[in-house]
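# Observations on the model geometry
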Amino acid sequence: MAGSSGEQAPDYRSILSISDEAARVQALNEHLSTRSYVQGYSLTQADVDVFRQLSAPPTDARLFHVARWFRHIEAILATASPMGPLGSGEPRGLQASKGRRAQPQWSPPAGSEPCRLRLYNSLTRNKDVFIPQNGKRVTWYCCGPTVYDASHMGHARSYISFDILRRVLRDYFKFDVFYCMNITDIDDKIIKRARQNCLFEQYQERRPAAAQLLEDIQSALKPFSVKLSETTDPDKKQMLERIQCAVQLAAAPLQEAVRSDLAAEDTDRRAQVLLEEAKDLLSDWLDSTLGSEVTDNSIFSKLPKFWEGEFHKDMEALNVLPPDVLTRVSEYVPEIVNFVQKIVDNGYGYASNGSVYFDTVKFASSERHSYGKLVPEAVGDQKALQEGEGDLSVSADRLSEKRSPSDFALWKASKPGEPSWPCPWGKGRPGWHIECSAMAGTLLGASMDIHGGGFDLRFPHHDNELAQSEAYFENDCWVRYFLHTGHLTIAGCKMSKSLKNFITIKDALKQHSARQLRLAFLMHSWKDTLDYSSNTMESALQFEKFMNEFFLNVKDILRAPVDVTGQFEKWEDEEAELNSSFYDKKAAIHEALCDNVDTRTVLEEMRALVSQCNLYMAARKAARRRPNRALLESVAMYLTHMLKIFGAIEEASPLGFPVGGPGTSLNLESTVMPYLQVLSEFREGVRKIAREKKVPEVLQLSDALRDDVLPELGVRLEDHEGLPTVVKLVDRDTLLKEREEKKRAEEEKRRKKEEAARKKQEQEAARLAKMKVPPSEMFLSESDKYSKFDENGLPTHDTEGKELSKGQAKKLRKLFEAQEKLHREYLQTVQNGGPE
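Keep in mind the model is a prediction, meaning the values are calculated, not measured.

### Focus: the overall build of the chain
Per the secondary structure count, the chain includes 28 helices and 18 strands. Across the 836 residues in the chain, those meeting the buried criterion constitute 45%. Relative to all contacts within the chain whose residues are 6 or more apart in sequence, the contacts with residues 24 or more apart total 71%. With an accessible surface of roughly 43,700 Å², the chain has 52% of that area assigned to carbon and sulfur atoms. Measuring between centres, the 114 positive side-chain charges of the chain sit 4 Å from its 125 negative side-chain charges.

Here it is as structure tokens:
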């Protein structure tokens, strides 16, 4: 029966007024047939009044509505009130059910504050909560390379680090990242290097005579020596001294050949050695004297095009994702010209002698703007500003064109021997800083979410970018978050291409895999200095090996045959504990990623999780019990997922690191593993029979298959007493290295054992020799200490004839008695047939 008591009371009153009990029950049955009086029933006082008119439920089957209603009311009153259904007073069930029965009030869990991503923002020098300007969409501009030489590990530091950050934002935090990167293919360095290469090649083709080469070397050394004497930077000075010394050492043999009039072949060989050593010296000299005469503009595009191609190959080899859009300065010259023109129109730029400069004083004095947002303390640093202008743009004439020494070039008037493009101010070329502003502004608009680059680009490059872009857009928020990757040092020393102290990416990849390099970067904060050294790489190698062994062990467990229901096993306390730890580690990893993408902590948490899994598997193995497949698979899949996010797993490997070369992982493992499993089981059976029949030759062959044959194919067999052999697919080079290390360890163990046996033998021989000496003779040979002896051979006087003290005599007596005991042992041994 539903509804409030006010709705039901009139119906019940009419029923109660019927005097005939049979008619009253019949009317009640008809009334109840139109009501819901079981589910959601609300008890009223009228229900109780009618209920009290009946002594029992009707037995007539046609009155089943009344019978059901009666039992329901009876049950409610019996359970809701300690007084019973007919007790005096109003039942508590009645009090609680006046009106429709309702659900109890629900309270949400307290929960916890969700962790928010914070990034270290160079604009504030703090970790700021990351809030994109447009929902989940993130616009990101990254400064690309200046392509005039091979990419080195300094480039890898920036681009691998930004690749990790980009992947984490995209694949973990699920932001929609639009990633833009530039290629600087117009620059003072490129112009100078292209001219140098061209002029040096022409010089080589002329094949100068030995005397002429030596004369040119001397001419080149004069300005070089001046440059060396004026250099104050100790690292650069040391580099120049190395070049000077190498050239002088290479010149000496050629000078000797000329003086001695040696054979042409020998002289030419020495000249070739000198040319190679003096390439940088001669190139710089040739450019300073002939650079303005270069008219072949094609060299200024060929050089950057070649090195851009090499850069992209290196990035692909490092598994760095390509940008969503790539911009080249040479393709955006019209946009750059328009960008410069608007800055001039807005009053923040001025033309001077065919060049255009940014007016830093005018900009800084504006109420809407501020100059030097990133490194305000560096504003006015002329050395840094001149480095930013480029080697070809810091002459006295160029400096005199500026209104203020801090002003920088937006557009440079081209000099002879430089490429040029038409513009309103005459033929010229873009300045360095303007390229990024124009290209990023064209694609990303007046304000981007993230701008990234190396730490050394903060000033003047990025501060000047900010100034000229905000002058163009007349805003104060061109970049919301500025991210700068840390420096890279090589074994503690500063890495610099200009100092010729660098390792190319190609050379680094000859020593270590792309995954190992990435793991090394993941083990350090992306914003701090990273030292590329043997210790750093050894840590990465150990982490890779540790994780790989875990993945291989889990794969082996998952390969064990099991029926459909057998894959779901009862969890004991150990599984519940490991699962709880698993979720704790996932939470810790999430917090670390929210904390400025702290991959170092993430890898430490991953290592700790794997250690706990290893302890769990070892305990199960010791107890001869099978580990829980589903739980270990969940952990391994999660770790695989995280390593994929970081770019440390390059392929679509379902679990763990891929096996074999690129593109072969899935096919290789799924194809060969069934055959290897059969081979392993066959080998186990043969070994069992060989042990039972005592056939050591078969056991030796079985060991050779494990230790020598299969490692050459990238297969590792692990034998465990009383357990099935574990089959693992591992990189062939890794296995061969392990085998060599094992052989070295066994050889070292054998050598130490032999050394210990030799020492023991020597000690025994020395002891035997000592035992042979009768105590009466043991001191007689020490004439340098003693001059007189008693009848037993004990010393009584020293060399000076003085009688020994009681203490000395007592000490010698103890030695005498010990020797006496040893000699008796010797005599007993001889008597028993021992060695004499």
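That shown, we press on.
### Focus on the packing of aromatic side chains
Under the criterion given, the structure shown has 22 aromatic pairs. Ring centres of Tyr348 and Phe363 lie 5.6 Å apart, and the angle between their planes is 75 degrees; on these two criteria the pair is classed as edge-to-face. Taken as a pair, Tyr348 in the loop between helix H13 (333-345) and strand S6 (349-352) and Phe363 in helix H14 (residues 360-364) lie far apart in primary sequence, 15 residues in all. Residue Phe363 is classed as buried on the basis of its relative accessible area, which comes to 0%. Members of the aromatic cluster, joined through ring pairs, are Tyr348, Phe358, Phe363 and Phe408. The ring of Tyr472 has Lys342 lying over it, and the distance from NZ or CZ to the ring centre is 4.5 Å. When the ring centre of Tyr348 is taken as origin, the NZ or CZ atom of Lys362, which lies over that ring, is 6.0 Å away.

### Notes on the sheet that holds strand S9 (residues 428-430)
Taken together, the 4 strands give an open sheet; going across it, the order is S6-S7-S8-S9, and neighbouring strands pair in antiparallel fashion. Strands at the two margins of the open sheet, each flanked by one partner only, are S6 and S9. Averaged over all pairs of adjacent strands, the angle between strand axes in this sheet comes to 25 degrees, irrespective of strand direction. Direction of pairing for strand S7 (residues 355-358) relative to strand S8 (residues 408-413): antiparallel, over a ladder of 3 bridges. Its bridge partner lying in S8, Val356 is registered against Trp411. Strands in contact with H13 are S6, S7, S8 and S9; relative to S8, the strand with the most contacts, it is inclined by about 125 degrees.

### Description of the pairing of strand S1 (residues 118-121)
Of the two faces of S1, only one is covered, namely that formed by Leu119 and Asn121; the face formed by Arg118 and Tyr120 stays uncovered. Direction of pairing for S1 relative to strand S2 (residues 126-129): antiparallel, over a ladder of 4 bridges. Looking across to S2, one finds that Leu119 is bridged to Asp128. Linking S1 to S2, which pair antiparallel, is a turn of 4 residues; within it Arg125 sits at a positive phi near 60 degrees.

### As for the pattern of salt bridges
Pairing is possible between side chains that carry opposite charge, provided their charged atoms lie close to one another. Taken as a whole and judged by the stated rule, the model has 58 salt bridges. With its nearest N and O atoms 2.7 Å apart, the salt bridge here joins Arg167 to Asp163. One end of the pair is Arg167 and the other is Asp163, both in helix H6 (residues 153-172) and 4 residues apart, which spans about a single turn. For Arg167, a relative accessible area of 7% gives the class buried.

### As for the nonpolar core
Generally speaking, soluble globular proteins have nonpolar side chains that are buried together. Counting 118 residues, the largest nonpolar core has Trp140, Leu274, Leu282, Phe550, Leu639 and Phe646 as its most contacted members. Setting aside its immediate chain neighbours within four residues, Leu282 contacts Phe200, Tyr203, Leu213, Asp216, Ile217, Ala220 and Leu275. In this structure, Ile343, Tyr371, Ile434 and Leu444 belong to the second largest nonpolar core, which totals 43 residues.

### Points about the packing of helix H21 (residues 534-559) against helix H24 (residues 629-645)
The geometry of H21 relative to H24 is characterised by a closest axis approach of 10 Å and an angle of 140 degrees between their N-to-C directions. In terms of orientation, H21 and H24 fall into the oblique class. Crossing angle aside, the handedness with which H21 passes H24 is left-handed. On the side of H21, the interface is formed by Met547, Phe550, Phe551, Val554, Ile557 and Leu558, while H24 contributes Arg629, Leu632, Glu633, Val635, Ala636, Leu639, Thr640 and Leu643. Taken together, the residues of the contact of H21 with H24 sort by class into 11 nonpolar, 1 polar and 2 charged.

### With respect to the packing of H13 against helix H17 (residues 432-444)
Two numbers describe how H13 lies on H17: the axes approach to 9 Å, and their chain directions differ by 100 degrees. Considered as vectors, H13 and H17 are oriented roughly perpendicular to each other. In this structure, H13 uses Glu335, Ile336, Phe339, Val340 and Ile343 to contact H17, whose residues at the interface are Ile434, Glu435, Ser437, Ala438 and Thr442. Tallied by class, the residues present in the contact of H13 with H17 amount to 6 nonpolar, 2 polar and 2 charged.

### Some words on unusual backbone geometry
In this model, Phe459 is joined to Pro460 through a cis peptide bond whose omega is 5 degrees. Examined against the element boundaries, Pro460 turns out to sit in helix H18 (residues 458-473). With a phi close to 60 degrees, Asn319 is a non-glycine residue in the positive phi region. Considering the arrangement of structural elements, one finds Asn319 in the loop between helix H12 (299-317) and strand S5 (325-328). Residue class for Asn319 comes out buried when judged on its relative accessible area of 18%.

### Structural notes on the sheet that holds strand S13 (residues 493-494)
Strands sit in the order S13-S12-S14 across an open sheet of 3 strands; the sheet is mixed. Because the sheet does not close on itself, it has two edges, and the strands there are S13 and strand S14 (530-532).

### Brief notes about the environment of His462
Its location among the elements puts His462 in helix H18. Owing to a relative accessible area of 0%, His462 belongs among the buried residues under this scheme. Sequence separation of His462 and Val375 is 87 residues, and the distance between their C-alpha atoms is 9.4 Å. Polar contacts involving the side chain of His462 include one to the side chain of His484, which spans 2.8 Å.

### Some thoughts on helix H11 (residues 279-290)
Look at H11: 16 Å from first C-alpha to last across 12 residues, which is about the 16 Å you get at 1.5 Å a residue. Buried positions along H11 lie against helix H7 (188-206), helix H8 (210-230), helix H9 (234-260) and helix H10 (264-277).

### Some remarks on the state of the cysteines
Enumeration according to the criterion identifies 0 disulfides in this entry. There is no disulfide at Cys594, and the cysteine sulfur nearest it, in Cys115, is 3.2 Å away. Using a relative accessible area of 2% as the deciding quantity, one classes Cys594 as buried.

### Considering H7
Between its first and last C-alpha, H7 extends 27 Å over 19 residues, near the 27 Å set by a 1.5 Å rise per residue. Here H7 has its buried residues at Asp188, Ile190, Ile191, Ala194, Arg195, Gln196, Cys198, Leu199, Phe200 and Tyr203. The N-cap of H7, judged by a side-chain oxygen 2.8 Å from the amide nitrogen of Lys189 a few residues on, is Asp187. Downstream of H7 by one or two residues, Arg207 has phi in the positive range, about 45 degrees.

Rules used throughout
All chains use their own residue numbering, which begins from 1 and follows the written sequence. Local features in this predicted model are restricted to residues whose pLDDT is 70 or higher, and side-chain atom pairs enter the listing and the counts only when it is 80 or higher, whereas totals over whole chains, interfaces and linings include all residues. Each side-chain value is worked out from all heavy atoms of the structure, with water and hydrogens disregarded. For helices the rule is a DSSP run of H or I covering at least 4 residues; for strands it is a run of E covering at least 2, with both sets numbered from the N terminus onward. Exposure classes here rest on a 1.4 Å probe applied to the protein chains alone. A residue is buried below 20% of its type maximum, exposed above 50%, and partly exposed in between. Residue contacts are defined here by distance: any two heavy atoms, one from each residue, within 4.5 Å place the two residues in contact. Only the protein chains shown count as cover for residues, and all accessible areas are computed by the Shrake-Rupley method using a 1.4 Å probe. Only four residue types enter the charge count: Lys and Arg as positive, Asp and Glu as negative, with His and the chain ends excluded. Charge placement uses NZ in Lys and CZ in Arg. For Asp and Glu, CG and CD serve respectively. Working definition: a ring pair exists when centres of Phe, Tyr or Trp rings (six-membered ring for Trp) sit within 6.5 Å. Plane angles under 30 degrees give stacked, over 60 give edge-to-face, the rest tilted. The criterion is that NZ of a Lys, or CZ of an Arg, lies within 6 Å of the ring centre and within 35 degrees of the ring normal, and then a charge sits over that ring. Only when DSSP finds a minimum of two bridges between them are two strands counted as paired. In this analysis an axis means a line fitted to C-alpha atoms, helices contributing only their contacting stretch, and an angle means the value between N-to-C directions, from 0 to 180 degrees. Whenever Lys or Arg places a side-chain nitrogen within 4 Å of a carboxyl oxygen from Asp or Glu, that contact is recorded as a salt bridge. In these notes, a set of buried Ala, Val, Leu, Ile, Met, Phe, Trp, Tyr and Cys residues joined through side-chain atoms within 4.5 Å is what counts as a nonpolar core. Convention used here: angles under 35 degrees read as roughly parallel, angles over 145 as roughly antiparallel, angles from 65 to 115 as roughly perpendicular, and any remaining angle as oblique. Take the far helix as the reference: if the near one is turned anticlockwise from it by less than a right angle, the crossing is left-handed, and if turned clockwise, right-handed. In the scheme used here, Gly and all other residues not listed as nonpolar or charged are polar, with Ala, Val, Leu, Ile, Met, Phe, Trp, Tyr, Cys and Pro taken as nonpolar and Asp, Glu, Lys and Arg as charged. Counted as a polar contact is a pair of N or O atoms within 3.5 Å, where, for protein atoms, one must be capable of donating a hydrogen and the other of accepting one, and residues adjacent in sequence contribute only when both atoms are in side chains. For a helix, the expected span equals 1.5 Å multiplied by the number of residues minus one. Here, the term disulfide refers to a pair of cysteine sulfur atoms separated by no more than 2.5 Å.

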